[in-house]
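The residues making up each chain are set out below.
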Amino acid sequence: LDAASATRLGRRLAGAGRLDDAILLFELAVDGSDEPAAADARALELGVLQLANRAYPAAVRTLAHVEEFGEGAVRARARRLRCIAHVHALDADAARACAAVELAPVTLQREDVRDALDDLAIDPGVRRWVGGSLSALFPGLGQMTAGEPGDGALALIVNGGWGTGFGLLVADGAALDATLLFVGFGMRYWIGNVQHGAAAWQRRAVSRQRAAARVLEDRLVSEPSPRADGPGPDPSP
């Protein structure tokens with residue numbers, strides 16, 4: 001299968017939504033291209049397909065190669081698309097660095113863009129610890145502060161119920177029954193409450209990162225590059 005045929009078939013497969021197969025054909029087309037300009041153009045399409053398939057590290061590698069060896073508009077499009085790949089890979093440092101190059105200074109000063117770059121740097125793992133700690137201190141607090149008041153209220157009711165029962169048993173001198181309640185029922189629901197609080201904060205963090213990625217992608221797609229070597233990309237395959 002020659003490079004031109006692989007390209008045509010790859011485009012048809014991409015149009016049919018078979019991105020994995022299309023990517024394989026474009027990889028063959030790039031490797032089989034005799035002319036550097038044709039190879040760069042096909043590699044640019046390959047990078048777009050990898051973006052659409054959410055294969056962000058592969059897209060970064062492909063587009064960085066085109067950026068290094070390509071020329072003119074192809075190089076500019078590869079650079080902009082690589083920035084979009086960093087954004088969707090949630091690589092905050094790389095996204096901030098390339099946005100500083102790809103977006104005009106006035107755009108970088110926009111509140112939505114600044115907030116998006118900050119939100120992209122959120123660490124879901126750290127936020128998970130925060131949410132779990134809040135729920136450990138006060139049942140349901142992690143869920144409530146993460147924007148899930150229903151789950152927070154349920155955790156508070158359940159843990160408040162067993163906590164009240166535990167306190168009454170202790171007050172009545174039923175130490176064994178209180179211990180059984182605490183170990184068999186209380187610990188289970190308290191630990192579950194901590195886990196749910198942690199997960200709620202993690203979900204919230206990931207949601208904010210993804211929303212930030214959409215804001216930054218919109219800017220990178222819609223605005224021309226402030227650099228002189230070409231416009232921003234049309235990211236459609």
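Up top is the structure these notes are about.
Quick notes on the rules
- Residues numbered from 1 in each chain as written.
- Predicted model: local features only at pLDDT ≥ 70, side-chain atom pairs only at ≥ 80, totals over all residues.
- Heavy atoms only, no water.
- Core = buried A, V, L, I, M, F, W, Y, C linked by side-chain atoms within 4.5 Å.
- Buried < 20%, exposed > 50% of the residue type's maximum accessible area, 1.4 Å probe, protein only.
- Helix = DSSP H or I, 4+ residues; strand = E, 2+ residues; numbered from the N terminus.
- Contact = heavy atoms within 4.5 Å.
- Expected span 1.5 Å × (residues − 1).
- Polar contact = N/O pair within 3.5 Å; in protein donor to acceptor, adjacent residues only side chain to side chain.
- Axes fitted to C-alpha atoms, helices over the stretch in contact; angles between N-to-C directions.
- Parallel < 35°, antiparallel > 145°, perpendicular 65-115°, else oblique.
- Left-handed = near helix turned anticlockwise from the far one by under 90°.
- Nonpolar A, V, L, I, M, F, W, Y, C, P; charged D, E, K, R; others polar.

1. Topic: the nonpolar core
In step 1: Grouped together as the largest cluster of nonpolar side chains are 41 residues, with contacts concentrated most on Leu-49, Leu-51, Leu-63, Leu-81, Leu-120 and Leu-216.
In step 2: Contributing elements (two or more residues each) for this core: α1 (3-15), α2 (19-31), α3 (36-52), α4 (56-69), α5 (72-88), α6 (92-102), α8 (111-120) and α12 (175-222).
In step 3: Residue contributions to this core peak at 7 residues, all from α2.
In step 4: Aside from chain neighbours lying at most four places away, what touches Leu-216 is Val-87, Val-113, Ala-116, Leu-117 and Leu-120.

2. A short note on α3
In step 1: Along its 17 residues, α3 runs 24 Å from first to last C-alpha, staying within 8% of the 24 Å computed at 1.5 Å per residue.
In step 2: Those residues of α3 not exposed but buried are Ala-39, Asp-40, Arg-42, Ala-43, Leu-44, Leu-46, Gly-47, Val-48, Leu-49, Gln-50 and Leu-51.
In step 3: At its buried positions, α3 is contacted by α1, α2, α4 and α5.
In step 4: Immediately beyond the C-terminal end of α3, within one or two residues, lies Arg-54, with a positive phi of roughly 60°.

3. Focus: the side chain of Glu-148
In step 1: Assignment of secondary structure puts Glu-148 in the loop between α10 (141-145) and α11 (149-171).
In step 2: A polar atom in the side chain of Glu-148 sits 2.9 Å from the side chain of Arg-203.
In step 3: Setting aside its immediate chain neighbours within four residues, Glu-148 contacts Gln-143, Ala-200 and Arg-203.

4. Considerations on the environment of Leu-28
In step 1: Positionally, Leu-28 belongs in helix α2.
In step 2: Judged by its relative accessible area of 53%, Leu-28 is exposed.
In step 3: C-alpha of Leu-28 to C-alpha of Ala-4: the two residues are 24 residues apart in sequence and 10.0 Å apart in space.

5. Here we look at the packing of α3 against α4
In step 1: Running from N to C, α3 and α4 point in directions that differ by 155°, and their axes come no closer than 8 Å. In this view, α3 runs roughly antiparallel relative to α4, as classed from their interaxial angle. The handedness of the crossing between α3 and α4 comes out as left-handed. Within the contact between the two elements, α3 uses Asp-40, Ala-43, Leu-44, Leu-46, Gly-47, Gln-50 and Leu-51 and α4 uses Tyr-56, Ala-58, Ala-59, Thr-62, Leu-63, Val-66 and Phe-69.
In step 2: Broken down by class, the residue content of the contact of α3 with α4 amounts to 10 nonpolar, 3 polar and 1 charged.

6. What about the side chain of Gln-209?
In step 1: Mapping Gln-209 onto the fold places it in helix α12.
In step 2: For Gln-209, the residues in contact, after removing those within four places along its chain, are Leu-90, Asp-119, Leu-120, Ile-122 and Pro-124.

7. Examining unusual backbone geometry
In step 1: With a phi close to 60°, Arg-54 is a non-glycine residue in the positive phi region.
In step 2: The residue Arg-54 is located in the loop between α3 and α4 in this model.
In step 3: In the Ramachandran plot, Leu-90 falls in the positive-phi region, its phi being about 60° despite a non-glycine side chain.
In step 4: Along the chain, Leu-90 falls in the loop between α5 and α6.
In step 5: When its relative accessible area of 30% is taken as the criterion, Leu-90 is described as partly exposed.

8. Here's the deal with the packing of α6 against α8
Two quantities define a packed helix pair, namely the angle between the axes and the distance from one axis to the other.
In step 1: One way to put it is that α6 packs onto α8 with a least axis distance of 8 Å and a crossing angle of 155°. By the angle class used here, α6 and α8 are roughly antiparallel. α8 is crossed by α6, and the crossing has left-handed handedness. Two secondary-structure elements touch here, α6 through Ala-92, Ala-95, Arg-96 and Ala-99 and α8 through Leu-117, Asp-118 and Leu-120.

The values reported here are purely geometric and, on their own, carry no functional implication.
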